[in-house]
Every structure is written in structure tokens, then in C-alpha cells.
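# Observations on the three-dimensional arrangement
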Amino acid sequence: MAKQVVPQLLRQHLANLADDDERISGRGQWQGRDVVLEVDCLYNADGSAKVVWGDTVVYVGVKFELKEPYSDRPTSGSLMCGADLRPVAHRKYEPGPPSPESIELGRVVDRGIRESGCIDMNALCIVPGESAWMVIIDIHVISDGGNIFDAAGLAAIAALRNATVPASRYDVGEDYKLAVALTPIICTFTRVGGRYVYDADEEEELGGAERLSITLGDNGSMHSMQKGLKGTFTAAELSEILDVCKTRCSELRDLVDSKVE
Amino acid sequence: MGGYGDVKLLNDDGSRLDGRAIDESRPVEVKVGVIPVADGSAWVKHGLNEAVCAVYGPMEAHPRKIQLQDQAVIDVRYNMAPFSTSDRIRPGFNRRSREISKVTAEAFASTVMVERYPRSKIRIEIEILSAEAGTRCVGITAASVALADAGIPMRGMIVGVASGKIEDTVVLDLDKAEDNYGQADLPMGIMPTTGEIAFMQMDGDLSMDELQQAIDYNFTAAAEIHDIMEAALRAHYDGGDE
Amino acid sequence: MKGNETDAEPRLVVPGEVILDHANLNPGCGIINSADGHIATRLGTLKDNEGTLHVQPINATYMPRSGDLVIGYVEAVQSNLWFLDVAGPFNALLPMSLAPWKVEFGDARNHMDVGEAVLARAQEVDESHSVVCTMKGVGLRKISQGHIVNIPVQQIPNLRGENGAIIQSIKEASDCRIIVAENGRVWIDGDSAGIRVAAQAIKVVTSTGHRPGLESRLAASFAGGEV
């Protein structure tokens, strides 16, 4: 990722705004941008979703492949979730092998989905020890206007819940809907002007500091957390964030529910 | 080109399996400004193909060794998203994508007024989201609209079109089955406003007469798609869609 | 953006478009001549400027011209010069001899560090759009307070308005000092309430400035901003 100069005036301005409990976009501290979710939008994917989240645009495609199960778990299918921050998404992204930023994004979304247990891995097995489905989630960020974690996480779970297992393509029976029991949702908070805000935009990320991403499951339990970028936080700040996180996660879960039956 | 006519691709009435006439293109849709952070962008749907393109620049060409002292470098990346095909594509280096990127870049270097921007580069990022035969053409169409949207000066917009041969018949715009089992494919990048050809590849088996027929089909289709591209730009900027 | 447009509807042209009329005019920016007539090379609106036809581009990267007032961010410092990001294709050079201070060799960073902003003037621009900037001149200085917003360069005339009327009304309503640099960066200096009013108003102009009724939308923005 190409380095970006952080204007000192931007930092100063964000701090002044924070003192007055304001944000550069005019939003409230815990207020997110408008989110538009579309599912089943990619012709060749087995499950797909597109999220337009402010200036951020993310596509997620789910594909299935038949694989031999891992020898230590012969009756279990597998899950893979990867992200690619390609140069299409921002002038700061450069071509080349996946950057640490891409890998982090893929792994944070992966953990939230995997650890929630929303997919029954044993149900993906066809013949124990011989063949099982591998679910592959590919995150494709098309425009990075800030907070790609939440947009990618939302698109990933929506694409999964919309996915069809292509059994007929592999001659192992009829196609069926992938069973997804839960809807884990990511919420990301960024320190901007000294305090945390929800859903930082491009300028806030540029002039901000560390971020905290939290994935909550349907029953409110936590499935993944990630602190990224330079900065530190306190336990008190974390608990304040978690309160906000609960409300916002359930709103986004309702959005997913409204788009997939 | 695979099967050489052993798969039936034309109906008895001479129409194609998807019902199109032999000189009929798949429907084309164009949208402008789909990538908010880019300097210019476009989305193109051509049949079941779907592509987006972002343009960034002109900006300083890095690393310095790629700089040209008298003109801008056109830096194209054509990439297929992993989920764009029925069998997933592993991300990473790909010879086919490299080749397409190279000849696409050379096509645009011939139409963009590169001499205006010495030592700079203009990045054209083409991402194929759905691939059903003819993605390099869809990418070229999307890139032209994105370049126009970015305000890059050029002599005209290149339109990506293809014709081919199935069951010994020249047809416009091969779909996936026709591409897989047909006898020839002729993708071209045509600038309808000047009648120039900036991009051409071909594989398969064509006679001279068939080639002429395929070129004619391509020129007619390019003019039609050019109208759609122009209308999309006008709708975005003239229609007051804000 | 006033009611009395000199021409009829502004005509949008796309790259490659052959312009059949206006054959009597000389080709200007964004126009090339061919056997068929004038051809537009950019997306924009046609302008007839005293016998020369050009295209006013809708989108464009900032291309520095000598004499431009620019706002730059220090992107790198060496012992005797600064590199400024001026939103053009290339970083601009600010040699210490053109700084407003007496700078000892090796001391540049102590005067101005990475991330700081300056109001400077493009002194020399070569054919590859490389720039040498100067900070010697009236009003040129380091910017150490206020807020800078970015606007598309082609929106600058809209923001200024006829005879500077629009920008003047924003200055008055926000009680801020506002400097519009040619590279699309706008410096707003005032108290935080004023900066908010001005930034909001600038957004109104740049997003809807091409539509009629801008004055009333601005008035609404000023009223809303002062709550």
C-alpha cells in the first residue's frame, strides 16, 4: 500500500470537531452511513452480494469445490475466506501479491463466520474421508471509501445466506440452499480526534488512529475481535463500544434478513 | 476454439441457441461513476458478462524506470474476479490476463493523447465480475467510458466487440457455448467515430471472405454500442441525476 | 449560474464526437481538427471563446500553470528542499531559497515537517507538468490553523460565482477567511462553528452548483448551519 501523507491540519480539525461532539460528515458519534445491500447479483457465483456503504463498494462471491477432507477431520467440510484489495479500489493500492492489509481483512471476516459456527461443517461432508464441500468466500473491494471491514463482513454473510450448493454441477445430487444458522455481523470503531466513532469514512481513517472490529452473533456473543493500526485503547472504551455494537449489529442483521428469505 | 462443429449451435430455422439472429449482439448496459473514489469509472453489462473499470491519474509514473520522457504510460490491469467463472479462478499471476492487459494498454496508448503527460502514468483497472465469453471486449468498452469520465483527453472511445464462426456460419458476439464449441473468434477494439481499429486478436479458422463478414459485423455492432456508451455519459452528466 | 445564460443550453460532448457546426471557429483546448471537422477529445461542455472553440471538461486532474496559487502538503523533506503534494500528477519542489525564512542547510525540517500545509505559488512549470513553488510573495505562508477542503478544480468558478459573489456570501455567513487555491483546495479559517457553516456551504455549491436556485439553497444551508 502506497504511503499517504496525513495532513496535520486534518488531525487538528478532527480533534476540534471531536471536542464539540461533531464529525466531519455531520454524523453523530455512533451514526453509520447509508447501506445498500443487494444479493444474488453475480451470475457465476454460487452465492453473492454487493454492498454500497457510503463511498465504499464491495462484492462478495461464494463458490463451492469438492475436496478430500483433512485427515484429522475426515467428516468435515472446510471454509476459506480471502480478500483482495486490488488497485481498482483506491489509488493507494498497488499491484502485486496480497498485501498484509488484504490478508488481515480476509482473516477477520473469516474468523467471525467460522467461529460463530453458522455453517455446520459436518453437513458439508459427502463421503467421509473422501469428499466434502469447501466453501470459498472471495471478497472483492471495488471502492475503498472507508470501513471496508464492515462492508466486507456484511456482504460475506449475505452472500453465504444466499448461496446454493452446486451439487448437480459436481454430479452429487440436486442443488440445495446452504444452511446458515446464524448471521454474524462486524462493527468497526475508529479513534478519530481522540475518541471512538462508528463507521469512519475515508478522511476519518486518514486522520484517525487505531480501529477495533468486533463480530457479534445473533445471541449477542462475540465471535471475533481485532485491534488494528497504530494506537492503544482502554477497557472502559471497549465496553462503551460493545454497547453500541449490539444495537448496530442487530440493525444490520435485520437488513440481511430482509434481503434473504 | 474447441469442438469444431461437433456441437449443434444453430437451430433449424438458422437462429442461434439463445434465440438471437446471426448478426445480433447480446444486450449492452452501461453505467458511469460506479466507483466513488476513482477519478473515473464505469460498469458494463454485456449479455451475462459484467465488468467494472476504474481510472486513476494522470499521476507520476512509478517506478522511475517505467517512465517515458515524452509521453504517459498507459498501465492496464485486466483481472478476473475469483467468482467470475463457473470454476473458481485462483487469484494471482495469470498469463492470459497479462497478455490481455498488454494489448489493451497498447490499444488505449493509440487513442489517449499520451503526449500531453510526459513521465506520467494513467492507470486503467478492469475487473471482470462475471465472465460468459467476450470479457476482454467488455473490459475495453468499460475502460473507454471510465477514461471519458475521468476527463482523460483521447481521439475517441474504443468499443470492444467480437464476431466468430459457428457451424461454418459467421455470427456476431459469441456467447459462452459458441465460444467453447465454435470455430473462430475475432475480438476487436473499434473507434466508430474514425473507423480505426485499435485492438485485434483472432483464433480459430476463418477464410478471407468470412473475415470480411466478421469485420463488417463488428463495425456495425461497435457503432450501436458506442451510442449506448454516449447515452450513459449524457444521462450521468446532462440528466441532472443528482 | 445566473439566470441570463449567454448561450443556449450548454452542449455536452464526448471524446471523439465530431462537431459539425462551428467550423468557422479555431480549435482550442479539448478540440482537434480533422478532415471531418472539429473533434472533441474530452467529456465536457462546448465553449466559444472569442473565435476559439473549446471543451470545458467536466472532470479533470489539476494541471499546474505558472503563477497558480496552490495549497500544498509537505510530503517529504530533504536538507535543502521540500516536496509538496499539490494535487497534480507530480510533487512540486520548494527549494529553501524560495522559502519565506532564512534556512540553514540541513535545517529544513525544523521549519516545516511532513504533513504541514502551505500556501504557495507555482513559479515554474515545465512541459511534463513538474513544478517549482515559491513562498516568497504577499500572503504566501505556512497554514497552521483552520481547515482545508478539496473540491474538483472545474468547480472553482462555481464556488467563486459571478464577480466572486458566491464565495463572498459564504465568507459573510460563516465569518471565516476563505482562500480558494487553483488546485482545488480551499482553506477556511475561523472558529469551529464558522468552519462548519462554510464547509457545508461549499459542499452545497460543488454538488448542486450547476442547477438553478443555488442562492436559495445556500441561504437554507446558512440558516441550518447556524442552529
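Source: prediction; values computed, not measured. (Residues numbered from 1 in each chain as written. Chains lettered and ligands numbered in written order. Predicted model: local features only at pLDDT ≥ 70, side-chain atom pairs only at ≥ 80, totals over all residues.)

## Remarks on the overall build of chain A
To keep it simple, the criterion reads: Where helices and strands are cited, they refer to DSSP runs of H or I of at least four residues and of E of at least two residues respectively, numbered from the N terminus. Only the C-alpha atoms count toward the radius of gyration. The rule for a globule is 2.2 Å times the residue count to the power 0.38. Partly exposed residues are those falling between the two cut-offs: more than 12 but fewer than 20 other C-beta atoms within 10 Å of their own, whereas 20 or more means buried and 12 or fewer means exposed, with C-beta atoms placed from the backbone. Here, residue contact means that the backbone-derived C-beta atoms of the two residues sit within 7 Å.
Across its full length, chain A holds five helices and 12 strands. A compact globule built from 261 residues would reach a C-alpha radius of gyration of about 18 Å, and chain A, at 19 Å, matches this within 12%. Seen through its principal axes, chain A has C-alpha atoms that stretch 60 × 40 × 35 Å. Taking all 261 residues of chain A together, 48% fall into the buried category. Contacts in chain A between residues at least 24 apart in sequence constitute 69% of all its contacts with a sequence separation of at least 6.

## Examining the domain arrangement of chain C
Our working definition: Each domain's extent was defined by an automatic or database domain assignment.
Taken as a whole, chain C is organised into domain 1 (12-57), domain 2 (69-143) and domain 3 (147-225). Between the C-alpha centres of domain 1 of chain C and domain 2 of chain C the distance comes to 36 Å.

## Considerations on the interface of chain B and chain A
The line we're drawing: Side-chain classes are defined by residue name, with Ala, Val, Leu, Ile, Met, Phe, Trp, Tyr, Cys and Pro counting as nonpolar, Asp, Glu, Lys and Arg as charged, and the others, Gly among them, as polar.
Taken residue by residue, the interface counts 26 residues in chain B and 25 residues in chain A. Per-element tally for the side of chain B that touches chain A: the top contributor is strand S5 (residues 120-130) of chain B, with five residues. In the side of chain B that touches chain A, the residues fall into 14 nonpolar, five polar and seven charged.

## Overview of the packing of helix H2 (residues 100-116) of chain A against helix H3 (residues 148-161) of chain A
All names here are of chain A. Stated precisely, the cut-off is as follows: Interaxial angles span 0 to 180 degrees and are taken between N-to-C directions of axes, which are lines fitted to C-alpha atoms, for helices over the stretch in contact. Should an angle fall under 35 degrees it is taken as roughly parallel, and over 145 as roughly antiparallel, whereas 65 to 115 is taken as roughly perpendicular and any remaining angle as oblique. Handedness of a crossing follows from how the near helix is turned relative to the far one, being left-handed for an anticlockwise turn of less than a right angle and right-handed for a clockwise one.
The contact between H2 and H3 brings their axes to 10 Å, and the two run at 45 degrees. Here H2 is positioned oblique relative to H3, judged by the angle of their axes. With respect to the hand of their crossing, H2 and H3 are arranged in right-handed fashion. Contacts from Leu105, Val108, Val109, Gly112 and Ile113 of H2 reach H3 at Ile148, Phe149, Ala152, Gly153, Ala156, Ile157 and Leu160. Partitioned by chemical class, the residues of the contact of H2 with H3 number 10 nonpolar, two polar and no charged.

## Description of the packing of helix H2 (residues 135-149) of chain B against helix H4 (residues 208-238) of chain B
Residue and element names in this part refer to chain B. Packing of H2 against H4 brings their axes to within 11 Å, and their N-to-C directions diverge by 35 degrees. Considering the relative orientation of H2 and H4, their crossing is right-handed. Contacts from Thr141, Ser144, Val145 and Ala148 in H2 reach Ile225, Met229, Ala232 and Leu233 in H4. When its residues are assigned to classes, the contact of H2 with H4 shows six nonpolar, two polar and no charged.

## Comments concerning helix H1 (residues 95-109) of chain B
All names here are of chain B. Counted only if it meets this: A helix is expected to span 1.5 Å for every residue after the first. As used here, the arc is the angular range of directions from the helix axis to the C-beta atoms.
Its 15 residues give H1 an end-to-end C-alpha distance of 21 Å, which sits within 8% of 21 Å, the value for a rise of 1.5 Å per residue. Within the sequence span of H1, burial applies to Ile100, Ser101, Thr104, Ala107 and Phe108. Buried residues in H1, looked at end-on, bunch into an arc of 125 degrees, giving them a common side. Along H1, the residues that are exposed and aim more than 90 degrees away from the buried face are Arg95, Arg98 and Lys102. Close packing links the buried residues of H1 with strand S4 (73-80), S5, H2, strand S8 (184-191) and strand S9 (196-200).

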